[in-house]
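Now for the letters of each chain:
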Amino acid sequence: MGFFDSLDGNLDDLLGNLNYIKKKIVTESQEIKKAARLRYELLNEERKLSEAFEKLGRHQYHALKGEGSDLDLSETLQEIERLESRISSLKMGLDLSEKTSGINFAEDNASQDAYESSSIFVRDEEDISHEEDQGSIIFIEEDEDENR
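Notes on the structure in this doc start here. Position numbers for residues start from 1 in each chain and track the written sequence from start to end. Only residues with pLDDT of 70 or above have their local features reported here, since the model is predicted, and side-chain atom pairs are shown and tallied only from 80 upward, although totals for entire chains, interfaces and linings are computed over all residues. Excluded from the side-chain calculations are hydrogens and water; all other atoms, namely the structure's heavy atoms, are used.

### What about the overall build of the protein chain?
So, step 1. A run of DSSP states H or I qualifies as a helix once it reaches four residues; a run of E qualifies as a strand once it reaches two. Both are numbered from the N-terminal end. Summing up its helical and strand segments, the protein chain has 2 helices and 2 strands in all.
So, step 2. Each helix and strand of the protein chain, ordered N terminal to C terminal, gives the series α-α-β-β.
So, step 3. The contacts of the protein chain with a sequence gap of at least 6 include a subset with a gap of at least 24, amounting to 69%.
So, step 4. Where accessible areas are quoted, they stem from the Shrake-Rupley method and a 1.4 Å probe; at the residue level, only the protein chains shown are allowed to cover. Surface exposure of the protein chain reaches about 11,700 Å², of which carbon and sulfur atoms provide 53%. Contact between two residues is taken to exist if any of their heavy atoms lie within 4.5 Å; hydrogens are not considered.

### Here we look at the pattern of salt bridges
So, step 1. Every case where a carboxyl oxygen of Asp or Glu lies within 4 Å of a side-chain nitrogen of Lys or Arg is listed as a salt bridge. This model, assessed by the stated rule, comprises 8 salt bridges.
So, step 2. Via salt bridges that share partners, Glu41, Glu45, Lys48 and Arg86 belong to a single interconnected network.

### Considerations on the nonpolar core
So, step 1. Note on terminology: a nonpolar core comprises buried Ala, Val, Leu, Ile, Met, Phe, Trp, Tyr and Cys residues joined through side-chain atoms within 4.5 Å. Categorising residues by exposure relies on relative accessible area from a 1.4 Å probe, with only protein chains included: less than 20% of the type maximum marks a residue as buried, more than 50% marks it as exposed, and the intermediate range marks it as partly exposed. Membership of the largest hydrophobic core is limited to 10 residues, which are Ala35, Leu38, Leu42, Leu49, Ala52, Ile80, Leu83, Ile87, Leu90 and Leu94.
So, step 2. Broken down by secondary-structure element, the contributors of at least two residues to this core are helix H1 (2–64) and helix H2 (73–101).
So, step 3. Those residues in contact with Ala52 that lie beyond four places of it in its chain are Thr76, Ile80 and Leu83.

### Considering the environment of Phe53
So, step 1. By the element assignment, Phe53 lies in helix H1.
So, step 2. Phe53 gets classed as partly exposed once you look at its relative accessible area, which sits at 40%.
So, step 3. As a C-alpha pair, Phe53 and Ile80 span 27 residues in sequence and 7.5 Å in three-dimensional space.
So, step 4. Sequence-distant contacts of Phe53, that is, excluding residues within four places in its chain, are made with Ile80 and Glu84.

### Regarding a negative patch on the surface
So, step 1. Together, Asp5, Asp8, Asp12 and Asp13 make up a negatively charged patch on the protein surface.
So, step 2. Its place among the elements puts Asp13 in helix H1. In this analysis, a patch consists of residues with relative accessible area above 30% that form no salt bridge, clustered at 9 Å for like charges and at 5 Å for the nonpolar side chains Val, Leu, Ile, Met, Phe, Trp and Tyr. When charges are counted, neither His nor the chain ends are considered; positive counts come from Lys and Arg and negative counts from Asp and Glu. Taken as the charge location is NZ of Lys, CZ of Arg, CG of Asp or CD of Glu.

### Details of the side chain of Glu45
So, step 1. You can see Glu45 is positioned in helix H1.
So, step 2. The exposure class of Glu45 is buried, given its relative accessible area of 6%.

### A closer look at a nonpolar patch on the surface
So, step 1. On the surface, a nonpolar cluster with roughly 690 Å² of combined accessible area is contributed by Leu7, Leu11, Leu14, Leu18, Tyr20, Ile21 and Ile25.
So, step 2. As for its position among the elements, Leu14 is in helix H1.

### Structural notes on the environment of Glu81
So, step 1. By the secondary structure assignment, Glu81 is in helix H2.
So, step 2. Considered as a pair, Glu81 and Leu49 are 32 residues apart in the sequence and their alpha carbons are 9.1 Å apart.

Structure, rendered in structure tokens:
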């Protein structure tokens, strides 16, 4: 019966390895999802900032032409300041997320084939010092499928 005992032990080892891999994949995919959400929010905030600057530019253009504008300057300036601080916070959160997870998203521009590709690089660094991120506030909107 030594053969079956050995087979049973090998199957138990295999099951343990598969469970470890499953947990690792779930953890990594959650980290990738969080980083993607931060990138998406960052792009949206940058778009809003661009629109606010466009409004301000249109107002200035009309003012130089001597035409009137109904833009509330103080409100627009406050909006620009708010968006700039939010973008800064999101960038710090994205940097922190990439440093702690060891996952780095980079475009692969070395090959100029007919398709674009991106790669994930996993760093082997163990540097977890983040003094520069102390006191940062990061706003992340949770989506409804977060608890799945």
